[in-house]
Amino acid sequence: MKNIEVSEYGVTPEGNAVKKFTVTNKNGMQLEVINYGGIITSLTAPDRNGQYKDVVLGFTKPEDYFTGNSYFLGAIVGRFANRIAGGKFSIEGKTYNLETNNSPNHLHGGNEGFSNKIWEIEAAPTTQTLKLSYTSKDGEEGYPGELKVNVLCTLTDDDALEISYEATTDKPTIVNLSQHSYFNLSGDFTELITRHELQLNADYFIPTDHTMIPTGELKNVEGTPFDFRIPKLIGKDIEIDDEQLKFGSGYDHCWVPNGKGLRSIAEVYHAETGRMMEVLTDQPGVQLYCGNFLDGKYETKTGGKNERRTGLCLETQHFPDAPNQPHFPSVTLIPGEKYQSKTIYKFSVK
């Protein structure tokens, strides 16, 4: 069996041919990525009986990715993952204006962000790594500098998906890249993820205002619904009468994982199937989003509709609105420097 197979996937309204790349490891685990948005359209993981099933939400028709992916299902998001207040930021005294596609704020690079671009993909048939490349022109979506981006996606033989990001620029700019897959470890995309158990190794989370922009505070999770230091069901506290949960219609917040460098920050467990997903990253933040705004508009790959809270995202990233909050870790990239980041989603059973 070839490790990587390439097939025709569809054609965008602009006439761009889109290809699908299927990577298979020695266990039969499969990763499917298309060169539109670098989108992961499928990723399988084993249950306790050794049965591999798709565990990421996705559309059933190619055209829905090309014209209706306002959920950012499975996509690479950038130049800046998450929100920027008012769609404005400044570098070296100059203010830049971005699209306010999540009114009144900018979200995930805008309506024409990286999730809607055609990426170059290189695949060596003797490996299990895809190299995705995209060059964002100076001024694209309002961002300064020509940004050259490479994303390496590797499916390992121990059932892990490793994602490494690199970027360089020819002008000072901002960068914050992430992966926006929605996971449902049940393999049934009509089942609510409130029945998944989550552990987040984070003592602090980042409260927001009603438009989901950080207040600037890092708040201790002690005594709040945001305390996942000991594993608990996602649904346990999600409906508690809490101002922060009301702002996000549930969990849609950035946590500050303990430690620095590449470390284990989270585990998700689905008791019925035994599937476990561990998340490792070197990033300072992780956004937990519980699909609060999925609206049943599209069919799922297992039948039924993509209803509210049928998928969860763990988006490893820098903090939201970091360009406008000087005490947050810097997201500025200057010429001669390289943006680098790594995240691993490792699957197992218990």
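Look up a bit, the structure's there.
So, here is what we can say about the structure in this document. (Residues numbered from 1 in each chain as written. Predicted model: local features only at pLDDT ≥ 70, side-chain atom pairs only at ≥ 80, totals over all residues. Heavy atoms only, no water.)

## Things to note about the pairing of strand E27 (residues 339-349)
Summarising the sheet, strand E14 (residues 160-169) and E27 pair through eight bridges and their orientation is antiparallel. Of the residues in E27, the one forming a bridge with Leu161 is Tyr345. The pairing of strand E23 (residues 275-281) with E27 spans seven bridges and is classified as antiparallel. Each bridged residue has a counterpart across the sheet, and for Met276 the counterpart in E27 is Ser348. (Pairing = 2+ DSSP bridges. Helix = DSSP H or I, 4+ residues; strand = E, 2+ residues; numbered from the N terminus.)

## Describing the sheet that holds strand E3 (residues 30-34)
Note on sheets: strands pair through backbone hydrogen bonds, and any given pair is parallel or antiparallel. Strands sit in the order E1-E2-E3-E4-E5 across an open sheet of five strands; the sheet is antiparallel. Bordering the open sheet on either side are strand E1 (4-11) and strand E5 (52-54), each of which pairs with just one other strand. The average angle at which neighbouring strand axes cross in this sheet is 20°, direction not considered. Relative to E3, strand E2 (residues 17-24) is paired through five bridges, and the arrangement is antiparallel. Residue pairing in the sheet places Thr22 in a bridge with Glu32 of E3. (Axes fitted to C-alpha atoms, helices over the stretch in contact; angles between N-to-C directions.)

## Describing the sheet that holds strand E19 (residues 219-220)
Overall, antiparallel pairing links the five strands, which are arranged E19-E18-E21-E24-E25 in an open sheet. A single partner strand is all that each edge strand has here, and the edge strands are E19 and strand E25 (313-317).

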